[in-house]
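A look at the structure
Read off the chains here:
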Amino acid sequence: MSTPLATAQMTDPPAPMIELSLPVVGMTCASCVTRIERFLNRSDGVDEAVVNLATERATVRFDPARIDRAGIVGAIEAAGYEVAPQAVAANEAGVEDDTEERARAADRRVLLRDALASTAIGLAMMVVALWPGGVPWPMERINVWMLAPATIVQFVYGRRFMVAAAKGLRHGDLTMDTLVSMGTLAAYGYSLGITLAGADMETYFDSAAVIIGLVLLGRWLEARAKGQAAGAVKALLKLRPTTARVLRDGTEADVPIDQVRVGDLVRVRPGERVPVDGVLIDGSSAIDESMLTGESMPVDKRPGDDVVGATLNASGSFVMRAERVGRDTTLSQIARLVEQAQGSKAPIQRVVDVVTARFVPAVVAIAVAAFAGWMLLGPEPRLPAALGAAIAVLIIACPCAMGLATPTAIMVGTGKGAEAGILVRDGAALENAQRVTAVVLDKTGTITRGAPEVVTARSLEGTSDDQLLILAAAAEQGSEHPLAEAIVRRAAQSGIVLPVAGEFAAIPGDGVRALVDGHSLLVGNERLLAEAGVDAEPLAGPAAEVAEAAQTPVLVAIDGRAAGVFGIADTVKPESAEAIRRLQSAGLEVWMLTGDRVAVARAIGAQVGIPPERILAEVRPADKAAKIAELQAAGATVAMVGDGINDAPALAQADLGVAIGTGADVAVEASDITLVGDDLRSVPTAIRLSRATMRTIRQNLGWAFGYNALLIPVAAGALYPLTGWLLSPALAAGAMALSSVSVVSNSLRLRRFRAT
Amino acid sequence: MAAKAKDPVCGMHVNPEVARAAGLTAEHGGEEYYFCGRGCRLEFLDDPKRFFSPDYVPSM
């Protein structure tokens, strides 16, 4: 039997080649690729090595008998590169939040265990007491058996209610805990009396235990719902990277995120999250900022552009300079803002608080009245019925459903907003947003992009459009005027490499003069051309057309001859028209407020659908707040949307100030709602979210108040004279738990709110 | 924006500030050269003269 095996072992098959793919760190260009390939292919045992710069991987086919993984890694390291460790280090930044979350989860588990144990013990006692046909033991003996489990439930599992009630009483507060403690202690005390007296009477031990169990179950559901609602902030904080690759003292090293200092240069590789806020200084990439703005299209970033921590580097590798770290980063600010908003009280909640504060004493009074009523007027046996009614009243009254109605909805609503890049300052802001009747939009930077762009380019005969752009952009390179920047940016967008300009001179207020590729260039207004003795007449027609379209004409002369004109204007954001249409179809008046000329404002208004009578143009920044006040005086509840810098007074004056496209500025302070992205459609979304949240709150309150108004009289026995109905205390506890659950689940329905 | 320097090995444009911070520089003939990455710097240090030859074509 062993022979064939032995033969097989002795025949040495040709060594199979193994293929290994390793992540290589530190490659920057094609030279790196060839260098690593050369080092690998030179190694003994390597059959073929292919290195891919884009995927940052080296794929090596090798003979395992002659070289192993360590040998290959060694060759890559000899070439001057590193192999990334296979296992990514555990996320350490989340540790702090995780321990907190774990502690809460442990609390919830204890709560659930106690709730189930109490309910099970209570139900078991109830089954014995209500056994059909009766049990073959005298009642007084059953009562003695029940004493031990009932006592455990009352004073072990139910201890927290009495401790909290006692604490509250010391401050004169009557709370939910007071009601539960009073109700169950009354039931327990009465039953204990019967048991000690050895009377052959039914007890309420089972009811007390079931009540404690169900109230605990309600608390558990509440805690679980709260944990889910607070998830938005936690999800945001989880995005924080743990380390940053810092270039410092001539070396590049991964350092913990909390050691990154302002001014550090940080390398961000493809697929990584940007560690802190800063400015891109070298390289370029597309960055996915959806976690902040809700906008899923990656945004192109070039040197000079801001990059925000926790956003995802989707394509290229780049180097950034850290400008805000730790608590100052946009992400930390957003998380703080959301947390504050979730914990804040909406004005409607203050009404609820007042009602709740009077509610508990009122319930106690009704319970006492019910007890007295049954004792005086009820049928025999009076004491158990009177006590049953009083306990049912105490238990069924549910200030907790009222207490949960507003905060749960606010929590889910603000969390939902944060996911879509809508940061609500507090509950009041959320409540105000649904009252808005008029929306005032700042023009520059809100409806429009806020940066002038070349919209038209007209060249006269003898000059091509491309030539016009190349020469004019080359001449304008040295200028910092926004119009010049628009022309240079247009050239850069077309991928044109600009020739170097010489003899550059800027004539303030008029334009620039320069020498490009042997041509003398004049780029500026009519006066610039006239003073240089150039006949601008051929450009008069095109320039007038451009001006007619509310664009600023920039004239170009080449070698002393008029050559063409650019029309430059601030263009409308692509989403603005749709956003305004949505606001209008939601029944809101939409206004435009701008310091720009009437003609420009009307041209923009026509593009986005704001009629001339709703355009307030040529308003100085200082007068913007006054215009808002005028609208308010005319009876409107006004939301002002602006980009926050010169609009701050108007934002503060408005009933609802909305800062757009800032995310982390002082503008946040002046506004009630901050839109992280610059998409105007977030405004109708914010108002819709506010309406949905307030609708949920009103439903919750209606449910909670209605439930109490309906069931307290039933519990007190109001229906008994008519129908003979009497609510048992245990049933009351079940109904009470259900009302809390229904309120919480109604709030959680808000999670289905869609942002678009 | 900071002035750009050219990596003599691969021909890429390099930001000198970034290269200096990352230690991607080398001195040759009294001039400082900036590199896009370690590979280019090591190639350069192996044989700097090669990259000044008029026949040398950058790999990118």
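Residues numbered from 1 in each chain as written. Chains lettered and ligands numbered in written order. Predicted model: local features only at pLDDT ≥ 70, side-chain atom pairs only at ≥ 80, totals over all residues. Heavy atoms only, no water.

1. Let's talk about the overall build of chain B
- For chain B, the helix and strand inventory stands at 2 helices and 4 strands.
- Written out in order from the N terminus, the α and β elements of chain B read β-β-α-β-β-α.
- The buried share of chain B, reckoned over its 60 residues, is 43%.
- Of the accessible surface of chain B, which amounts to about 3300 Å², a share of 52% is contributed by carbon and sulfur atoms. (Helix = DSSP H or I, 4+ residues; strand = E, 2+ residues; numbered from the N terminus. Buried < 20%, exposed > 50% of the residue type's maximum accessible area, 1.4 Å probe, protein only. Areas by Shrake-Rupley, 256 points an atom, 1.4 Å probe, with all protein chains shown as cover.)

2. Re the nonpolar core
- Core analysis: the biggest nonpolar cluster contains 107 residues, and Val439, Ile447, Ile673 and Leu680 of chain A have the highest contact counts within it.
- The element best represented in this core is helix H26 (residues 682-716) of chain A, accounting for 13 residues.
- Contact partners of Val439 of chain A, with chain neighbours within four places excluded, come to Leu583, Leu588, Glu589, Val590, Trp591, Ala639, Val641, Val683 and Ile687 of chain A.
- By size, the runner-up hydrophobic cluster in this structure holds 45 residues, among which are Met27 of chain A together with Cys10, Val18 and Phe44 of chain B. (Core = buried A, V, L, I, M, F, W, Y, C linked by side-chain atoms within 4.5 Å. Contact = heavy atoms within 4.5 Å.)

3. As for helix H13 (residues 382-396) of chain A
- Look at H13 of chain A: 21 Å from first C-alpha to last across 15 residues, which is about the 21 Å you get at 1.5 Å a residue.
- By the criterion of burial, H13 of chain A is predominantly enclosed, with 13 of the 15 residues buried. (Expected span 1.5 Å × (residues − 1).)

4. What about the sheet that holds strand S24 (residues 638-642) of chain A?
All names here are of chain A.
- The 7 strands lie next to each other as S14-S26-S25-S24-S15-S22-S23, forming an open sheet whose pairing is mixed. The sheet terminates laterally at strand S14 (422-424) and strand S23 (615-616), the two strands that pair on one side only.
- Here strand S15 (residues 438-442) runs beside strand S22 (residues 589-593); their pairing, made up of 5 bridges, is parallel. Looking at S22, one finds that Asp442 is bridged to Leu593. (Pairing = 2+ DSSP bridges.)

5. Looking at the packing of aromatic side chains
Residue and element names in this part refer to chain B.
- Considering all chains together, one arrives at 8 aromatic pairs over all chains under this definition.
- Taken together, a centroid distance of 5.3 Å and an interplanar angle of 45° make the contact between Tyr33 and Phe44 tilted. Taken together, the positions of Tyr33 in strand S4 (residues 31-34) and Phe44 in helix H2 (residues 38-46) put the pair 11 residues apart, joining distant regions of the chain.
- On the basis of relative accessible area, Phe44 is assigned to the buried category, the value being 0%.
- Between the aromatic rings of Tyr33 and Phe52, the centroid separation amounts to 5.3 Å while the plane-to-plane angle is 55°, which identifies the pairing as tilted. (Phe/Tyr/Trp six-rings, centres within 6.5 Å; stacked < 30°, edge-to-face > 60°.)

6. Section: the pattern of salt bridges
All names here are of chain A.
- All told, the structure shown has 27 salt bridges over all chains when counted by the stated rule.
- As a salt-bridge pair, Arg269 and Asp254 come within 3.8 Å of each other at their nearest N and O atoms. Within this pair, whereas Arg269 is found in the loop between strand S7 (265-268) and strand S8 (277-283), its partner Asp254 is found in strand S6 (residues 251-256), the two being separated by 15 residues in sequence.
- Take Asp254: its relative accessible area is 45%, and that puts it in the partly exposed class.
- A salt bridge links Arg582 to Glu578; the nearest nitrogen and oxygen atoms lie 2.5 Å apart. (Salt bridge = Lys/Arg side-chain N within 4 Å of Asp/Glu carboxyl O.)

7. Here's the deal with the confidence of the model for chain A
All names here are of chain A.
- Scored by pLDDT, chain A comes out at a mean of 81, with 88% of its residues at no less than 70.
- Overall, residues 1-12 carries pLDDT values under 50, and its contacts beyond four positions in sequence, including any with other chains, amount to 0 contacts.
- Every residue in residues 86-97 scores below 50 in pLDDT, and together they form 11 contacts with partners more than four places removed in sequence or on other chains. (pLDDT = per-residue confidence, 0-100.)

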